Amino acid sequence: MKYALFPLWLLQLLTQAKSFKSNRIIGNLWLNKLGLHVVRIILSHSIMHLRMRMLSRGVTPEQRQHFFKHGYLVLDNVLPAIEFEAIKREVAEVNAEVRECIQGDTLTHRIVLDEGTSESLSQCHSMLRDKTILNIHKFGSGKNNVPVSYIQTIKNHFVDGPSDPQKNLHSDTFHPTMKSWYFLDNVDDDNGPFNYVPGSHRLSLSRLKWEYKKSIAICNDGDRYSSNGSFRITPEDLVEMGFDGPIALKVPGNTLVMANTHGFHRRGDARLRSMRTELWSISRSNPFNPFPGIDLPIMTKLQNKALSLHRQHCDRKAAKTGGHSSWHIVESRNTLEDSEYSGSKSSTSSEAA
Ligand SMILES: [Fe+2]
């Protein structure tokens, strides 16, 4: 029965499919010994680099060089103070569907920024559609379309549980992929700054050697997240590759951080039971497709519709077994003032930032 999926697994080799567990070709020991994983990396990186170059005219030469060299960008004082305050007010007051995910002792809330919230969250939408921001996102993702965006609140130490798995250094996937955070709060050691290893997105010989070894090790026995294609890295391996370690991007509110999350990164440790809120964007596309696409509103609508259907499908599937999906709807956004979190029981997701 399992080999009936062979044609699908074969086709998935030329997509963003990354799981060593659910695709028996991607997770095949002998094919990885022959270099399958490494070949996918080299090919996808070459194509994505070309796509980013094609979309690089919308950013400054300094931004382009910095992103290609270090794997991340930081933009200070993105909006005039009055507009920044208006966004914060809008986010604080909005009444919209909230989805929640629990990972370790961290609770994450998201409100999707799609057509359904274009009026109630108009300030957020217009910030993300600003030409400068849009061009930076398109360049970073190598995709000529808007990313998927959310209002995201990270709530550190809000539930009882083990440590948050997103706080381990990792690479999201085998190919370049873009995430960005437009912070509405100041970010520091209290509420956990984004950590990134500068330059770790580049394909050095030592990185390829590590990827090769890791792909073989996972076929034998890998941790859950690495087996799903989001490779975890130890501090020792990082040193062996010649990196000093991650830097913590402690930035004030009204700062945009964009990163190529093929590079090693993690959610930084938070000293306190604390929160941070941001406009969070993500863009992933087939890294083997050499065309960056056409920016048409219908493409954005289709993208949002597909995501909405996927979320509903996950809800229905989980409901059949009496549970709830990894990203399930909650009735309200809990605040720091809540003495005890009283939401749904813990769930897990390998797909978070
Ligand atoms: Fe990540």
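Not measured: the values here are computed from a predicted model.

### Here we look at the domain arrangement of the protein
Taken domain by domain, the protein consists of domain 1 (2-286) and domain 2 (301-330). Relative to domain 2, the C-alpha centre of domain 1 lies at a distance of 21 Å. Listed by partner, the interface residues are 8 residues for domain 1 and 9 residues for domain 2. When residues of the side of domain 1 that touches domain 2 are assigned to their parent elements, the largest contribution, 4 residues, is made by strand β2 (residues 98-103). Looking at the side of domain 1 that touches domain 2 residue by residue, the classes come out as 3 nonpolar, no polar and 5 charged.

### Section: helix α7 (residues 131-141)
For α7, every residue scored as buried is listed here: Ile 133, Ile 136, His 137, Lys 138, Phe 139, Gly 140 and Ser 141. Within two residues after α7, Gly 142 carries a phi angle of roughly 60 degrees, on the positive side.

### Remarks on the sheet that holds strand β9 (residues 265-267)
In space, the 3 strands of this open sheet follow the order β7-β6-β9, with antiparallel pairing throughout. Looking along the sheet, the strands with just one partner apiece sit at the ends: β7 (247-249) and β9. Sheet twist, expressed as the mean angle between neighbouring strand axes with direction ignored, is 25 degrees. Of the strand pairs in this sheet, strand β6 (residues 194-196) and β9 are connected by 3 bridges, and their pairing is antiparallel. Each residue of the ladder has a partner; that of Tyr 196, found in β9, is His 265.

### Thoughts on the packing of helix α3 (residues 36-54) against helix α8 (residues 205-221)
As a packed pair, α3 and α8 sit with axes 8 Å apart at the nearest point and diverge in direction by 140 degrees. Taken as axis vectors, α3 and α8 run oblique relative to one another. Crossing angle aside, the handedness with which α3 passes α8 is right-handed. For the pair α3 and α8, contact is made by His 37, Val 38 and Ile 41 and by Leu 208, Glu 211, Tyr 212 and Ser 215, respectively.

### Re unusual backbone geometry
Although it is not a glycine, His 157 sits at a positive phi angle of roughly 55 degrees. Topologically, His 157 is positioned in the loop between β4 (148-156) and β5 (178-183). Here Asn 254, not a glycine, exhibits a phi torsion of approximately 75 degrees, which is positive. Within the element layout of this structure, Asn 254 appears in the loop between β7 and β8 (255-260).

### A few points about the nonpolar core
Grouped together as the largest cluster of nonpolar side chains are 40 residues, with contacts concentrated most on Tyr 72, Cys 124, Val 257 and Met 258. Every residue in contact with Tyr 72, bar those within four places of it in the chain, is listed here: Phe 67, Tyr 196, Val 257, Met 258 and Ala 259.

### Brief notes about the pairing of β8
Of all 6 residues making up β8, 6 are buried, and the element is well covered by its neighbours. Relative to β8, strand β1 (residues 72-75) runs antiparallel, the two sharing 4 bridges. Paired with Leu 75 across the strands is Leu 256, a residue of β8.

### Considering the packing of helix α5 (residues 81-93) against helix α6 (residues 122-129)
One can describe the packing of α5 onto α6 by two numbers: an axis separation of 8 Å at closest approach and a directional angle of 130 degrees. Comparing their axes, α6 and α5 come out oblique. Note on element contacts: α6 touches α5 through Gln 123, Cys 124 and Met 127, opposite Ala 86, Ile 87, Glu 90 and Val 91. When grouped by side-chain class, the residues that make up the contact of α5 with α6 number 5 nonpolar, 1 polar and 1 charged.

Rules of the game
- Residues numbered from 1 in each chain as written.
- Predicted model: local features only at pLDDT ≥ 70, side-chain atom pairs only at ≥ 80, totals over all residues.
- Domains from an automatic or database assignment.
- Contact = placed C-beta atoms within 7 Å.
- Helix = DSSP H or I, 4+ residues; strand = E, 2+ residues; numbered from the N terminus.
- Nonpolar A, V, L, I, M, F, W, Y, C, P; charged D, E, K, R; others polar.
- Buried ≥ 20, exposed ≤ 12 C-beta atoms within 10 Å, placed from the backbone.
- Pairing = 2+ DSSP bridges.
- Axes fitted to C-alpha atoms, helices over the stretch in contact; angles between N-to-C directions.
- Parallel < 35°, antiparallel > 145°, perpendicular 65-115°, else oblique.
- Left-handed = near helix turned anticlockwise from the far one by under 90°.
- Core = buried A, V, L, I, M, F, W, Y, C linked by C-beta atoms within 7 Å.

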